[in-house]
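# Coordinate inspection notes
Take a look at the letters that make up each chain.
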Amino acid sequence: MSINTKDLDPLIRFIYSIADDHLINTYEPSRYKDVILPMTVIRRLDLVLEPTKDRVIETYNKYKDKLDNLDTILKSDKQGSGVAFYNTSPFTLKSLLNDSTNLKANFINYLDGFSPNVQDIISRFKFRNEIDTLDEAEKLFAVIQKFCSNKIDLSIDALPPLSMGYVFEDLLRRFNEATNAEAGRHFTPREIIELMTNIVFLPVKDKIQQGSFLVYDPCAGSGAMLTESKNYMTDDTGKIKSKATIHLYGQENTPTIYAISKSDMLLKNEDPDKIVFGSTLSQYGFDNDLKFDFMLTNPPYGTSWKDDKDILTKAGGGKIVDRRFIIQKEYDADAATTRVNDGQLMFVMHMLSKMKETDLGSRIASVHNGSALFTGDAGQGESEIRKHIIEKDMLEAVIALPNDMFYNTGIPTFILIITNRKPEHRKGKVQLINANNEAFFGKRAKSLGSKRNELKPEHIKKVTELYLEFKETPHSKIFDNNEFGFAQIIVHRPSRFAIQLDAKHTVELRFASDNSELRKLIYAECGEQVYSSEAESRQAVENFVLEYFLNEEDSEEEEPAELVVANLNKKQKKIYAQVTDTKSWLRDKQLMQEVAAMVKEFGTEPLYDINAFNKKFKDYCKKNNLKYAAKDVKDIRKCITWFDKKAEAEIKSVSKDGTINYVSDSNLKDTENIPLKQDIQTFFETEVLPFAPDAWWNADETKIGYEINFNKYFYQYKAPRQLSEIAKDIFEIEKSADKLLKEIVE
């Protein structure tokens, strides 16, 4: 499967030179790909059709007026191209050069002559949009001429699909060097694909020798995972040597990359209709009931799926009801969705829904960054997806890849191996393999973007053996499924408040409603006008608030903005409405006066028993016919109480059995994640109560989460160097520096 990529460098440089020589000053470098990629594909298709060109034209002219649909006959071996596409134009790419005067018209005729499946490829490239630009700049002839040069051979015999994949990904990397994003997004290094195919297919080698199997990639990119999967399974000299029929399915939502992938399928005589365009999450392109035997993918990570979520929720009336993303729980079913800025695990959910319930079942290999392993708290989407996979005993292994393996990122990446038919010896277990070690990768002689490391055949063999042997080694750890689960409990502490009804605290009620700091400024400026409904008073308050907001803006405008509400932003308008509401000011004043009058009953000294105060306050209100709404009571407490650890714990209720239930202080709430293998109460008594004797937890609030903290299991402590060694090195450096200084001076 491996090839020497250095042999492709001259070809890549030549193709790129076409852009440098002929597209410069006509296109921005980032748009070179709009011409170079489609022309590369067209030339490859053209070379396949050249040997049968005359036969296709003869058949076309013979039957064009006799048959409505010539598709089948023009693809046939005897009368057509013998491949899955054709071109009925009288031109080849090279023969177009014979008539430079009519080049543009002839080139359009040539493109129009391709079969419908190639038309789809050309339209996804949007290549016809470039013809006028090239013709007007007088570059069309030169570009076609260069692609027909004898210096390069783009035929499928000289450049098989695997090699062409390297060419495309290197070209894309060069075209996007400024951001270095696109190549890494759409292409997976071939050695990673080789590792994935080893681990997906070798364990079931004996079960896939005959029959028919479906291989699927929901993020197909250039289609390399699909084609290399088939090659790995059916290679007569390979490890599997399967005689089975393999059907390849894929979906890609980037037009240019989709076009490359579909053209690759055409050249390999695969069914191009099994590569579909569109977003897999919201525009799945195949029958909903279609299931697959094997799924290999490298989904985008750290990429938003907001557009997909909007479409999915719109279809479900505000909820995601697509059954691909529903997890069936004990008493109900609900959608498990990740945060919108990273949809990688949504693709995993999609693939889980496409697993077959057969004796073989389905096997999945999916590449992810670390976020898929640990992002998301208990109960959140990411954790729920991991919980579903692990508790259903579908996660076989997680393989940590070496850093700096991809073209656009050096971050840690992992391969998840998932199946719904674990072999007996793996049931209830998860294997972690750490291949991010120098024993499992080599350094590239020359980096490609962020790609500085590579897996060589011997490295792939080592990792595969670790997986197949399923043994504990320094680089392979095996755990029970529940090793990665934890119970998340909420640790409650009782609220403890001191109370004081002195003037310092009761006066705060004047500003209790909301925006207390701003209300203080308003009252300081406008005084009793805040309580008046007269126009002059209202105007004074409103003008002060408007000036406050307009002065708050750090504007460099020469002319200050007009003092009108329309110039405020949405948040400011809301606050403006609140603080200029006379009723709210009057309400606060009344609260202040009523609470101040309670001094006779409660005194002005601090009180530390909130329970006694609550009872006395309730009795006082009943006696004096004071009826307070919940917000009134909340605002009163906010102004006259404060946390004090010496105060009595506030009682919420007393159960029939005499158990006292306390009010939980939201500011003191905390959470604890307790491994599933530990008893929660035992943990609580040993790890929490010694430090917070008044704490408690409620079983009905407990959530179960899952995370795989990979580094935790492979971390090796390295003792710091001895100070004597460090000092010795420093002295040696000083001696060397002194010697050098003497040489310079002398």
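Our structure's up above, just so we're on the same page.
Conventions used here
Residues numbered from 1 in each chain as written. Predicted model: local features only at pLDDT ≥ 70, side-chain atom pairs only at ≥ 80, totals over all residues. Heavy atoms only, no water. Helix = DSSP H or I, 4+ residues; strand = E, 2+ residues; numbered from the N terminus. Rg over C-alpha atoms; globule rule 2.2 N^0.38 Å. Buried < 20%, exposed > 50% of the residue type's maximum accessible area, 1.4 Å probe, protein only. Areas by Shrake-Rupley, 256 points an atom, 1.4 Å probe, with all protein chains shown as cover. Lys, Arg positive; Asp, Glu negative; His and termini not counted. Charge placed at Lys NZ, Arg CZ, Asp CG, Glu CD. Pairing = 2+ DSSP bridges. Axes fitted to C-alpha atoms, helices over the stretch in contact; angles between N-to-C directions. Patch = residues over 30% accessible without salt bridge, like charges linked within 9 Å, V, L, I, M, F, W, Y side chains within 5 Å. Salt bridge = Lys/Arg side-chain N within 4 Å of Asp/Glu carboxyl O. Parallel < 35°, antiparallel > 145°, perpendicular 65-115°, else oblique. Contact = heavy atoms within 4.5 Å. Nonpolar A, V, L, I, M, F, W, Y, C, P; charged D, E, K, R; others polar. Polar contact = N/O pair within 3.5 Å; in protein donor to acceptor, adjacent residues only side chain to side chain. Phe/Tyr/Trp six-rings, centres within 6.5 Å; stacked < 30°, edge-to-face > 60°. Lys NZ or Arg CZ within 6 Å of the ring centre and 35° of its normal. Expected span 1.5 Å × (residues − 1).

## Considerations on the overall build of the protein
Helix and strand counts for the protein come out as 29 helices and 20 strands. Relative to the compact-globule value of 27 Å for 746 residues, the protein shows a C-alpha radius of gyration of 36 Å, a clear excess of over 25%. C-alpha atoms of the protein, sized along the principal axes, occupy 110 × 90 × 70 Å. Taken over 746 residues, the protein has a buried fraction of 50%. When the accessible surface of the protein is totalled, it reaches about 37900 Å², and 48% of it is carbon and sulfur. In the protein, which carries 103 positive and 117 negative side-chain charges, the distance between the mean positions of the two groups comes to 4 Å.

## A closer look at the sheet that holds strand S19 (residues 670-675)
Taken in spatial order, the 3 strands of this open sheet run S19-S14-S20, and their pairing is antiparallel. In this open sheet, the two strands that pair with only one neighbour each are S19 and strand S20 (703-706). Strand-to-strand twist of the sheet, defined as the mean angle between neighbouring strand axes without regard to direction, takes the value 35 degrees. Alignment of strand S14 (residues 485-491) against S20, held across 4 bridges, turns out to be antiparallel. Bridge pairing links Phe486 to Gly705 in S20.

## So, a nonpolar patch on the surface
A contiguous nonpolar surface patch, about 320 Å² in accessible area, is contributed by Ile651, Val654, Ile660 and Tyr662. Elements represented by at least two residues in the nonpolar patch include exactly strand S17 (651-654) and strand S18 (660-662). Residue placement: Ile660 occurs in strand S18.

## Description of unusual backbone geometry
Not every positive phi belongs to a glycine, and Asp404 is a case in point at roughly 60 degrees. Along the chain, the position of Asp404 falls in the loop between strand S8 (395-400) and strand S9 (413-419). In this model, Phe470 sits at a positive phi of 50 degrees, which is unusual for a non-glycine residue. Residue classification places Phe470 among the buried positions, given a relative accessible area of 13%.

## Description of the packing of helix H20 (residues 516-526) against helix H23 (residues 582-596)
What describes two packed helices is the angle between their axes and the distance between those same axes. Contact geometry for H20 and H23: axes closest at 13 Å, N-to-C directions at 90 degrees. By the angle class used here, H20 and H23 are roughly perpendicular. Between H20, through Arg519, Ile522 and Tyr523, and H23, the contact on the second element is made entirely by Ser584, Trp585 and Asp588. Residues of the contact of H20 with H23, tallied by class, amount to 3 nonpolar, 1 polar and 2 charged.

## Points about the pairing of S14
In terms of burial, S14 is a largely internal element, 6 of the 7 residues being buried. Both S14 and S19 contribute to a ladder of 6 bridges, which runs antiparallel. Across the sheet, the residue bridging to Ile490 is Thr671, located in S19.

## Observations concerning the environment of Ser353
Mapped onto the fold, Ser353 is located in the loop between helix H15 (344-352) and strand S7 (363-369). Residues Ser353 and Ile327, 26 residues apart in the sequence, show an inter-C-alpha distance of 10.0 Å. The residues touching Ser353, leaving out its near neighbours within four places in the chain, are Lys291 and Arg324. A distance of 2.6 Å separates a polar atom in the side chain of Ser353 from the backbone oxygen of His350.

## A look at the packing of aromatic side chains
Applying the stated criterion to the full structure yields 28 aromatic pairs. On the numbers, 6.3 Å between centres and 85 degrees between planes, the contact of Tyr216 with Phe286 is edge-to-face. A residue pair is termed long-range when its members are at least 10 positions apart, and Tyr216 in strand S1 (residues 212-217) and Phe286 in the loop between strand S3 (275-277) and strand S4 (294-297) qualify at 70 residues. Both residues of the pair, Tyr216 and Phe286, belong to the buried class. When the centroid spacing of 5.4 Å and the interplanar angle of 70 degrees are considered together, the rings of Tyr548 and Phe549 count as edge-to-face. By relative accessible area, Tyr548 is classed as partly exposed at 29%. Over the ring of Tyr166 we find Arg190; its NZ or CZ atom is 5.5 Å from the centre of that ring.

## Details of helix H2 (residues 33-49)
With 17 residues, H2 ought to run about 24 Å at 1.5 Å a step, and its terminal C-alpha atoms sit 24 Å apart, in line with that. The buried fraction of H2 amounts to 15 of the 17 residues, a majority that puts the element mostly inside the structure.

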